[in-house]
Amino acid sequence: MKHAAHKAANGSRQGVATSRSLFSPTSGSHSAKAVRMVQMANGNGAILGLDQAVADKLNELAPQTRRAMREAARAAERRSHILASASLAALVGTAATAVAFAGPDDLSGSVFAADPATTTTQLNRITTNVVSRSEDRTPLTDTVADGTAAASGAAETTDAPPTEQVTADGQWLAGDANTVSDVNQLSRSTADNPVVAALMDGDYDLLPEGFNPNHATGDTGNAYEFSQCTWWVYVRRHQLGLPVGSYFGNGCMWANSARALGYWVDNTPRHVGDIMVFAAGQAGSDATYGHVAIVEQINPDGSIVTSECGSVMNGETYSRTYTNVSDFQFIHY
C-alpha cells in the first residue's frame, strides 16, 4: 500500500510540474521547453493528471509561434474561399434547374426576361462639297438667261461652263437606227388562230377586201365517214392547226360551203395545208361526189404534191402530183 501510494503521489507531482512548466514565467515565451510543451499540446499530447476538458482549454490558451499563426491565417483564408465557391456553385445550380424546368410562359415575368431593347440613333450632318438635292439648290428664278447662277447668294458648286437652255419646240425626226421603216415587218393580223395569223402576215396584200380571219369555221367535230377523202382532209387540217368545217357535204361541194362561212377560196395553191377541191368527175374523181385533197408541197415550177384518201384505202393515204393547178379551187383559211 505504501508503495502504491508513493507512486500515485509521484504521478500527481509530475502533473503539477508539467502545469507549472506551462504557466511559469521563463526568460521568453518561445523557450525551447515552452515550445516543446506547446507542440505537445497542439498535437493533442496528453497532460497527465488533468481532466480532458481542462487539457483542451489549455491547448486553446497556449501561446503559438509566428509560423503557426501564419499557417492558421492561411487555413482560415482557404476555408473562406471554399465556402464562397460552394455558395456560388449552389446558386448557379439552383438557377439552372429553374430555367430547365420552366416553360417560355414561366420565364416571361421572371428575372431572366430580357429588358425591352433600346435603340439609340445619332444623326450626323454630312458636310461635303456635294450639294444636296433637298438643300441649297439654286431656284430657277435665280438663274439668268445664260444659265449661270445669279449673284443673289446662290451657292457656287462647280466651275463647269454654263449650259444652254433649249426649248421643246420643233419636229420629231425618226432615225434610221431606231425606226422600223417597213411596216410590213409588223404583225397586222387580228386572227385568233395563231397559225392563221402567221399566214395572213405573208398574204396581207393578197387577201380579199373585207376578209374576216375570225369568221365561223363550222367545226363541231369530225362528222365524215372513216377513210373517205373528206374524213382525211378534216384530220389533216387539225394536225396542221387550220380551221375546217364538219358539214361541208360531198367533196365537190366544199368550195362553196367554205366560201359561205367566210373562208378565203380561190384557184391558187398558196400554203401547205390548203384544201384542193375536185369538181364531180374532175381528174378521175367520182362523177357524183367529186373529191378533196390536202396540198403537202408546192414546187418551184408551180406544181403541187398532195395527200389523199378514199373509201378503198381503209384509212391509208396516197399522194399525187398536179401541174394544172389553176383548174382546181383551193380553200385556204
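Rules behind the numbers
- Positions within a chain are numbered from 1, following the residues in the order the chain's sequence is written.
- Since the coordinates come from a predicted model, pLDDT governs what is reported: local features require at least 70, and pairs of side-chain atoms require 80 or more to be given and counted, while whole-chain, interface and lining totals use all residues.
- Computation of side-chain values: all heavy atoms of the structure, hydrogens and water removed.
- The rule for pairing is simple: two strands pair if DSSP sees at least two bridges between them.
- Counting from the N terminus, the helices are DSSP H or I runs at least four residues long and the strands are E runs at least two residues long.
- Residues are treated as being in contact if the distance between any of their heavy atoms lies within 4.5 Å.
- Helix axes use the C-alpha atoms of the stretch in contact, all axes being lines fitted to C-alpha atoms, and the angles between their N-to-C directions lie in the range 0 to 180 degrees.
- For every residue, the predictor reports its confidence as pLDDT, a number between 0 and 100.
- Salt bridges are defined as contacts in which a side-chain nitrogen from Lys or Arg sits within 4 Å of a carboxyl oxygen from Asp or Glu.
- Partly exposed describes any residue whose relative accessible area lies between the buried limit of under 20% and the exposed limit of over 50%, with all areas from a 1.4 Å probe on protein chains only and scaled to the type maximum.
- Any pair of Phe, Tyr and Trp rings, taking the six-membered ring for Trp, is counted once the centres come within 6.5 Å. Such a pair is stacked with planes under 30 degrees apart, edge-to-face with planes over 60 apart, and tilted for the rest.

An unreviewed UniProt entry lists the chain under the name CHAP domain-containing protein, with Bifidobacterium phasiani given as the organism.

It is not clear to me how the sheet that holds strand β4 (residues 304-307) should be interpreted in this structure. Could you clarify?
Two pairing modes exist for strands in a sheet, parallel and antiparallel, and in both the strands are linked by backbone hydrogen bonds. The sheet built from six strands is open, its strands ordered β1-β6-β2-β3-β4-β5 with antiparallel pairing. The outermost strands of the open sheet, each flanked by one partner alone, are β1 (265-266) and β5 (321-322). Of the strand pairs in this sheet, β4 and β5 are connected by two bridges, and their pairing is antiparallel. Counted as the bridge partner of Ile 304 is Tyr 322 from β5. Packed onto the sheet, helix α7 (residues 229-239) meets β2 (275-278), β3 (291-298), β4 and β6 (329-331) and runs at close to 40 degrees relative to β3. Across the sheet, helix α8 (residues 254-261) touches β1, β2, β3 and β6, and the angle it forms with β6 is around 45 degrees.

When you look at the confidence of the model for the chain in this model, what are you seeing that I'm missing?
Predicted coordinates in areas of low pLDDT are best not read in detail. Mean pLDDT over the chain stands at 75; residues scoring 70 or higher make up 54%. Considering only residues more than four positions removed or in separate chains, one finds that residues 149-158, a stretch of pLDDT under 50, has nine contacts.

Would you mind going over the pattern of salt bridges with me for this structure?
If charged atoms from side chains of opposite charge come close, those side chains can pair. Applying the stated criterion across every chain yields a total of four salt bridges. Across the salt bridge formed by Glu 71 and Arg 67, the nearest N and O atoms sit 3.3 Å from each other. You can see Glu 71 and its partner Arg 67 sitting in helix α4 (residues 66-101), four residues apart, about one turn around the helix. Residue classification places Arg 67 among the exposed residues on the basis of a relative accessible area of 58%. Taking the shortest distance from any N to any O, the salt bridge between Glu 308 and Arg 320 comes out at 2.9 Å.

Honestly, the packing of aromatic side chains in this entry has me stumped. Any pointers?
A ring pair, where both rings are aromatic, is described by two values, the distance of the centres and the angle of the planes. Inspection of the entire model under this criterion finds 10 aromatic pairs. Summarising the aromatic geometry, the rings of Phe 248 and Tyr 263 are spaced 5.8 Å apart at their centres and angled 90 degrees between planes, so their arrangement reads as edge-to-face. Linking Phe 248 in the loop between α7 and α8 with Tyr 263 in the loop between α8 and β1, this pair joins segments that are 15 residues apart in sequence. Aromatic side chains Phe 278 and Phe 328 sit 4.9 Å apart centroid to centroid with 65 degrees between the ring planes, which places their arrangement in the edge-to-face category. Of this pair, Phe 278 sits in strand β2 while Phe 328 sits in the loop between β5 and β6; the two residues are 50 residues apart in sequence, bridging distant segments of the chain. One aromatic cluster is present, formed by Tyr 224, Tyr 234, Phe 248, Trp 254 and Tyr 263 through successive ring pairs.

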